[in-house]
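What follows is the residue order along each chain.
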Amino acid sequence: MDRAEVTLRESMCDLAKSMFDRGLTSGSTGNISARVSDGGLLVSPTGSSFGRLDPARLSRFDADGHLISGDKPTKEMPLHSAFYDTRSDAGAVVHLHSTHSVALSMLPDTDAENMLPPLTPYAIMRLGRVKLLPYFRPGDPEMGEAVRSLEGKRSAVVLANHGPVVAGKDVEAAVYAIEELEETAKLALLTQGKGAVGLSDAQIRDLVKTFGVEWDA
């Protein structure tokens with residue numbers, strides 16, 4: 001195992017523990033994966049806790065998708081694979097069961113095409129439009145098919161009654177983006193029905209143009 005993979009394993013576990021310690025996911029919920037330089041994947045094992053991931057026990061896949069070492073992977077592998085297969089720039093995928101994102105997904109007036117209201121620039125910059133997908137049983141391969149149907153046009157989705165999934169260019173970017181998603185969902189709930197003034201269409205367009213945000217897909 002080369003030094004880059006050792007560092008990646010440690011980074012995945014450190015970032016997962018940080019999210020766990022701050023209550024962004026709990027118990028044995030959530031999963032995280034990252035692309036290795038040889039084209040394979042490192043994935044958090046099934047039934048594992050973000051608070052206690054062991055770098056040496058992460059599930060290791062080769063470039064052909066075969067498990068070659070580590071523990072049995074998360075049952076949400078179809079979800080992760082769908083992002084890697086449809087987004088060439090995906091270097092990591094994070095899935096959480098974060099409270100505010102799940103709560104927002106259950107409200108009847110949430111916009112399925114863009115579930116986060118444009119309250120702050122950073123959510124737009126890091127996530128683009130966030131698609132709300134229907135409810136699927138955990139582990140259902142249809143979750144992956146729902147992501148594939150987007151044809152790589154979204155880097156972030158929220159599974160109704162379940163939680164957000166975000167792909168990023170590397171593990172740090174994916175973690176920062178999913179944290180932004182959760183914080184924006186929290187803001188949306190805190191300000192709902194209070195006449196909050198979000199960003200204007202012109203301000204959104206400025207962000208999209210300046211930072212090259214995927215927005216119109």
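Provided above is the structure to which this section pertains.
Residues numbered from 1 in each chain as written. Predicted model: local features only at pLDDT ≥ 70, side-chain atom pairs only at ≥ 80, totals over all residues. Heavy atoms only, no water.

Caption draft 1: A look at the side chain of Arg-87. Tracing the backbone through its elements, the reader meets Arg-87 in the loop between α2 (77-86) and β5 (92-95). Contact partners of Arg-87, with chain neighbours within four places excluded, come to Gly-152, Lys-153, Arg-154, Ser-155 and Glu-214. (Helix = DSSP H or I, 4+ residues; strand = E, 2+ residues; numbered from the N terminus. Contact = heavy atoms within 4.5 Å.)

Caption draft 2: Geometry of the environment of Arg-126. Along the chain, Arg-126 turns up in helix α4 (residues 121-127). With a relative accessible area of 42%, Arg-126 lands in the partly exposed category. At 2.9 Å, the side chain of Arg-126 and the side chain of Glu-180 are in polar contact. (Buried < 20%, exposed > 50% of the residue type's maximum accessible area, 1.4 Å probe, protein only. Polar contact = N/O pair within 3.5 Å; in protein donor to acceptor, adjacent residues only side chain to side chain.)

Caption draft 3: Geometry of the pairing of strand β8 (residues 163-168). β8 sits mainly inside the fold: six of its six residues count as buried. With four bridges joining them, β5 and β8 adopt antiparallel strand pairing. Across the sheet, residue Ala-92 finds its bridge partner in β8, namely Gly-168. Pairing geometry for strand β7 (residues 156-159) and β8, over four bridges, is antiparallel. Pairing of Ala-156 across the sheet is with Val-166, part of β8. (Pairing = 2+ DSSP bridges.)

Caption draft 4: Structural view of the pairing of β5. Neither face of β5 is exposed, since Ala-92 and Val-94 on one face and Val-93 and His-95 on the opposite face are all buried. Two strands pair when backbone bridges link them, and strand β1 (residues 31-35) and β5 are joined in this way by four bridges, in the antiparallel orientation. Along β5, the bridge assignment pairs Ser-33 with Val-93.

Caption draft 5: Molecular detail of the sheet that holds β1. Pairing is mixed across the open sheet formed by eight strands, whose spatial order is β4-β3-β2-β1-β5-β8-β7-β6. Every interior strand has two partners, whereas the edge strands, β4 (67-69) and β6 (131-133), have only one. Ignoring strand direction, the axes of neighbouring strands in this sheet form an average angle of 20°. Contacting β1, β2 (41-43), β3 (59-61), β5, β7 and β8, α2 runs over the sheet at an angle of about 35° to β1. (Axes fitted to C-alpha atoms, helices over the stretch in contact; angles between N-to-C directions.)

Caption draft 6: The environment of Arg-148, seen in detail. Within the element layout of this structure, Arg-148 appears in helix α5 (residues 142-148). Look at Arg-148 and you get partly exposed, because its relative accessible area is 29%. With 89 residues separating them in the primary sequence, Arg-148 and Ser-59 have C-alpha atoms 23 Å apart. Here Arg-148 is in contact with Ser-81, Ala-82, Asp-85 and Thr-86, once residues within four sequence places are set aside.

Caption draft 7: Representation of the packing of helix α1 (residues 3-21) against helix α6 (residues 171-191) within the structure. Orientation of α1 relative to α6, taken along the N-to-C sense of each, is 10°, at an axis distance of 10 Å. Between α1 and α6, the crossing angle belongs to the class labelled roughly parallel. The handedness of the crossing between α1 and α6 is right-handed. Where α1 approaches α6, its residues Leu-8, Ser-11, Met-12, Leu-15 and Met-19 are matched on the opposing element by Val-171, Glu-172, Val-175, Ile-178 and Glu-179. (Parallel < 35°, antiparallel > 145°, perpendicular 65-115°, else oblique. Left-handed = near helix turned anticlockwise from the far one by under 90°.)

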